[in-house]
Amino acid sequence: MQVHPSALITGITGQDGAHLAEFLLGRGYVVHGVRLYSATDDTQRLRDILDHPCFHLHIGDLNDGGALARLIRDCAPNEIYNLAAQSHVHASFKVPEATAQINALGPLRLLEAVRVLGREHDIKFYQASSSEMFGNAPAPQNENTPFAPCSPYAAAKLYAYWLVRNYRDAYGMFACNGILFNHESALRGQEFVTQKIARGVAALASDRDAPVLALGNLNSRRDWGDARDYVRGMWMMLQRDTPDDYVLGTGQSHSVRDFVNAAFDAAGFSLTWAGIGVGETARCSRTGRLLVRIDPSLFRPTEVNNLIADATKARTILGWTPETDFQTLVRDMIVAAMDDVSHARRDDHWANGNNARFA
Ligand code: NAP
Ligand code: GDD
C-alpha cells in the first residue's frame, strides 16, 4: 500500500496557505489545513481544493496551545508549515500585542506542542520568517545580514526566528526559517499594496466613477516575486537532510511607484506624475483624469525603505530559482483583478433586475 506524506498547514485560508496546499496535493500529500473559527465563509481561496479527497480542514488557533497539540496528535503530520500570522505590517502598529501573541508566541506554542508530544525527531517544521526582520539593514540582504526590525510585526517575527534556531540546537528538531521577501499573486490580500493597486487600477479601467487610488509611501522599494515560486521553496527546505535557514527572493527591487506605473501600463493607461510629497498625483496622460493621490494616513510610523534579496544560498543548496519576473507578476495580477471586476459588474447587473434573459 502506498503511504502518502502528510502536512499540517496553519494559515491555510491565506495566500500562501492556499498555494502551498495546492502544491503539496499535486505532490501526493495528505494536507491538513488549520483555519480560525469564523462564522462567515473564509475559504474562497481554497475553492479549487475543498473537495479534494486528500484535503482536510480543521478549526484551530495559534492562540490556543492545547488545540494545536490535539491537532498535531490527531493529524500526525510529517511536516508542519507555520504560515499563520497577523501579517500586515502597518496593522501591527495598531495591534502590537495581538500581533506578538500570534506571530511570536504562536510558533512557540506549536514547537512546544511538537516537543511535548514527543514528536520532535520525526516532524519537520517550517517557520514563515520575513525579510521585514532586516528593517533598514543595507541591501542586498542575505542569511548573514544583521537584523534590525522596525515594526511590531518584524520584532515578533524575529522572536519566532530565534526560537526556531534554539529548538533546532537545544532539542535537535528539524526546524527551518524561510526568510521570504515579498511575494504576491492573484490570491494576495486586498490590504497589501500590490493587490490594492491591481484592484484599484481594474476598477478605474472599468468605471469612470471609480475612486481615485489613494496610497501612502510611493518611494519604498520591495523585492516582489510570485507566491507560487516561494511555496515551492518552503517545501524544498524541508526535503533536505539537515535543517537550515534560507532567504528567498528575486534579487530585483522596485519602488511602489514602479509598481503603480507597471500596473496602469498593463491596463492601457500612461501616467503623468506631478507635485511632490503629500501633494503628488498621477493623471491619465491622454485625458487628464486624476488616477492616483497620496493619503498621509497610510504612512507608517517607521518604514522599511529598501529590500533586495541575495538568495545565493537557496540557489546553490536547494537549487531554487524564481520563475516569474516582475512584469509578468504585475500583468497576471492586473488580468486577475480585471476578471474579478467584470464578474462583479455582471453579478450586479443581474442582481439589479436586468435579468430578463432568465425571466
Ligand atoms: P495572509 O494571507 O495574511 O495569511 C495569514 C493567515 O493566518 C490567514 O489564513 C489568517 O486567517 C491566519 N491567521 C491569523 N491569525 C491566526 C491565528 N490566531 N490562528 C490561526 N491562524 C491565524 O499571509 P500570507 O501572505 O499568506 O503569508 C503567510 C505567512 O508568511 C505569514 O506568516 C506572513 O507573515 C509570512 N510572510 C509573508 C510574506 C509575503 O510577502 N506574503 C513574506 C514573508 C513572510 P484569517 O484570514 O482568517 O485572519
Ligand atoms: N499596504 C499598503 N497600502 N502599503 C502601502 C500603501 C498602501 O496603501 N501605500 C504605500 N505602501 C507601501 C508600504 O508603506 C510599504 O513600504 C510597501 O508599500 C509594501 O507594503 P505592503 O504591501 O503592506 O507589504 P510589506 O512589505 O509591508 O509587508 C509584506 O511583506 C513582508 C515581507 O517583506 C507582508 O506580506 C508581510 O507579511 C511580509 O513579512
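Residues numbered from 1 in each chain as written. Chains lettered and ligands numbered in written order. Predicted model: local features only at pLDDT ≥ 70, side-chain atom pairs only at ≥ 80, totals over all residues. Heavy atoms only, no water.

The next point concerns the UniProt feature "domain: NAD(P)-binding" (unreviewed entry) in the chain. In this structure's numbering, the residues bearing the UniProt feature "domain: NAD(P)-binding" (unreviewed entry) are residues 8-333. End-to-end, the C-alpha atoms of residues 8-333 are 28 Å apart, and along that stretch the chain is 37% helix and 18% strand. (UniProt positions renumbered as here; feature names shortened; annotations may be inferred. Helix = DSSP H or I, 4+ residues; strand = E, 2+ residues; numbered from the N terminus.)

Time to look at the pattern of salt bridges. Applying the stated criterion across every chain, the model contains 14 salt bridges. For Arg 228, the salt bridge identified is with Asp 226, shortest N-O distance 2.7 Å. The exposure class of Arg 228 is partly exposed, given its relative accessible area of 44%. Sharing partners across several salt bridges, the network here consists of Arg 165, Arg 168 and Asp 245. (Salt bridge = Lys/Arg side-chain N within 4 Å of Asp/Glu carboxyl O. Buried < 20%, exposed > 50% of the residue type's maximum accessible area, 1.4 Å probe, protein only.)

Okay, the sheet that holds strand 15 (residues 290-294) next. Reading across the sheet, the 4 strands line up as 8-15-14-13 and stay open at both edges, with mixed pairing between neighbours. Every interior strand has two partners, whereas the edge strands, strand 8 (213-215) and strand 13 (271-274), have only one. Recorded for the sheet is a direction-independent mean angle of 20° between the axes of neighbouring strands. By the bridge criterion, 3 bridges tie strand 14 (residues 281-284) to strand 15 in an arrangement that is antiparallel. Following the sheet pairing, Arg 283 is matched in strand 15 by Leu 290. Strands strand 8 and strand 15 of the sheet are contacted by helix 6 (residues 193-206), whose axis makes an angle of about 160° with strand 8. Across the sheet, helix 8 (residues 256-266) touches strand 8, strand 13 and strand 15, and the angle it forms with strand 13 is around 150°. (Pairing = 2+ DSSP bridges. Axes fitted to C-alpha atoms, helices over the stretch in contact; angles between N-to-C directions. Contact = heavy atoms within 4.5 Å.)

Okay, helix 1 (residues 15-26) next. Structurally, the α-helix is built with 3.6 residues per turn, so residues lying three or four positions apart point the same way. Over its 12 residues, helix 1 runs 17 Å from end to end, which matches the ideal 16 Å to within 8%, given 1.5 Å per residue. In terms of burial, helix 1 is largely enclosed, as 10 of its 12 residues are buried. Within helix 1, burial applies to Gln 15, Asp 16, Gly 17, Ala 18, His 19, Leu 20, Ala 21, Phe 23, Leu 24 and Leu 25. Summarising the contacts, the buried residues of helix 1 are in contact with strand 1 (6-10), strand 2 (30-35), strand 3 (55-59), strand 4 (79-82), strand 7 (183-184) and helix 7 (227-238). Positioned one or two residues after helix 1, Gly 28 has a phi angle of 85°, which is positive. (Expected span 1.5 Å × (residues − 1).)

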